[in-house]
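Report on the structure
Here's the letter readout for the chains.
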Amino acid sequence: MTDLGPWGWAAAAAIVVFWMVGAYNRLVALRGVVAQAWAQVDDQLRRRAEATVPLLAACRQGPAALQAAAATLDAAERQLQAAVEALRPRPLKLPAAASLVTAEGVWQDAWTRLQAALAEAIADDLERYGSSGLDAAAELHGVSQQQQALRFARQAFDAAVLAYNAALRQFPTRLLGPLFGFRTGAVLTPPPR
């Protein structure tokens, strides 16, 4: 083995320090991209919740089955908003992301039930439920558009989290994760059923 001498050791130490600073900055930048993507998801969830309010109001004037479906969706929305609040400060937090995915699944089930109840209410008694049923159907379309925008925002968030997680797994960057408290994040798209 050759002796590097003081300048050689200093150069090797400088290379390691520059590498650590570069890797740290890359992880911080990727975490910032995740935060920006989360802001888009958060905004779309807020918009969808706002679009749901008039739909629920229109459904509360309908038959009992439709009112029950609206109440279920309203409860699911409250559960979802609680999960959003828990995830908002740290979008990479695994347990909070898991509870958001669960709450979104509950919301989607309630949404499907509301759609079916609304279609049945309109088909059963268009004359009696007529204009408010058509108003609810129009509001349903608005929420469906928000669903599409949310899907795109969620895909962007998932892509950002996957890029961040991939950077954390790379050697030698993975050595910095535990040192500086970087943890892997969770995606928001639930696995297929």
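The following refers to the structure shown. (Residues numbered from 1 in each chain as written. Predicted model: local features only at pLDDT ≥ 70, side-chain atom pairs only at ≥ 80, totals over all residues. Heavy atoms only, no water.)

Concerning the overall build of the protein
- Looking only at helices and strands, the protein has five helices and zero strands in total.
- When the backbone C-alpha atoms are referred to their principal axes, the protein occupies close to 95 × 25 × 20 Å.
- Buried residues in the protein amount to 39% of all 193 residues.
- Taking the intrachain contacts of the protein between residues at least 6 apart in sequence as the baseline, contacts between residues at least 24 apart amount to 77%.
- For the protein, the exposed surface amounts to about 11000 Å²; the carbon and sulfur share of it is 63%.
- The positive charge centre, built from 18 side chains, and the negative charge centre, built from 16, are 12 Å apart in the protein. (Helix = DSSP H or I, 4+ residues; strand = E, 2+ residues; numbered from the N terminus. Buried < 20%, exposed > 50% of the residue type's maximum accessible area, 1.4 Å probe, protein only. Contact = heavy atoms within 4.5 Å. Areas by Shrake-Rupley, 256 points an atom, 1.4 Å probe, with all protein chains shown as cover. Lys, Arg positive; Asp, Glu negative; His and termini not counted. Charge placed at Lys NZ, Arg CZ, Asp CG, Glu CD.)

A few points about the nonpolar core
- Membership of the largest hydrophobic core comes to 49 residues, with the highest contact counts inside it found for W38, V41, L55, L100, L114, F157 and L188.
- Those elements that place two or more of their residues in this core are α1 (5–59), α2 (64–87), α3 (94–124) and α4 (126–169).
- Of the residues forming this core, the biggest block, 13 residues, is contributed by α3.
- Discounting residues that sit within four places of it in the chain, L100 has contacts with W38, L80, A83, V84, L87 and L188. (Core = buried A, V, L, I, M, F, W, Y, C linked by side-chain atoms within 4.5 Å.)

A look at the pattern of salt bridges
- What the rule picks out here adds up to nine salt bridges.
- The closest approach of N and O atoms between D43 and R46, which form a salt bridge, is 2.4 Å. A residue pair is termed a helical-turn pair when its members lie 3 or 4 positions apart in one helix, as D43 and R46 do in helix α1 at three residues.
- When its relative accessible area of 38% is taken as the criterion, R46 is described as partly exposed.
- Here R47 makes a salt bridge to D43, at a shortest N to O gap of 3.0 Å. Of the two residues, R47 and D43 both sit in helix α1, four residues apart, roughly one turn of that helix.
- Where salt bridges share partners, they join D43, R46, R47 and E50 into one cluster. (Salt bridge = Lys/Arg side-chain N within 4 Å of Asp/Glu carboxyl O.)

Quick look at α2
- The end-to-end C-alpha separation of α2 is 35 Å, in line with the 34 Å expected for 24 residues at 1.5 Å each.
- For α2, the set of buried residues is L66, A69, A70, L73, A76, E77, L80, A83, V84 and L87. (Expected span 1.5 Å × (residues − 1).)

Some points on the packing of aromatic side chains
- Under the defined criterion, the tally for this structure stands at four aromatic pairs.
- Each ring, one from Y24 and one from F182, has its centre 5.6 Å from the other, and the planes form 65 degrees; the classification is edge-to-face. Taken together, the residues Y24 in helix α1 and F182 in the segment after α5 (176–180) connect sequence positions 158 residues apart.
- Note on F182: relative accessible area 5%, which makes it buried.
- One residue, R48, lies across the ring of W107, its end atom 3.6 Å from the ring centre. (Phe/Tyr/Trp six-rings, centres within 6.5 Å; stacked < 30°, edge-to-face > 60°. Lys NZ or Arg CZ within 6 Å of the ring centre and 35° of its normal.)

Some details on the side chain of Q44
- Inspection of the secondary structure puts Q44 in helix α1.
- Given the relative accessible area of 11%, Q44 is considered buried.
- In this view, Q44 contacts Q146, A149, L150 and A153; residues no more than four positions away in its chain are not counted.

Re the side chain of R154
- Relative to the helices and strands, R154 is located in helix α4.
- Here E104 takes part through its side chain, which lies 3.3 Å from a polar atom of the side chain of R154. (Polar contact = N/O pair within 3.5 Å; in protein donor to acceptor, adjacent residues only side chain to side chain.)

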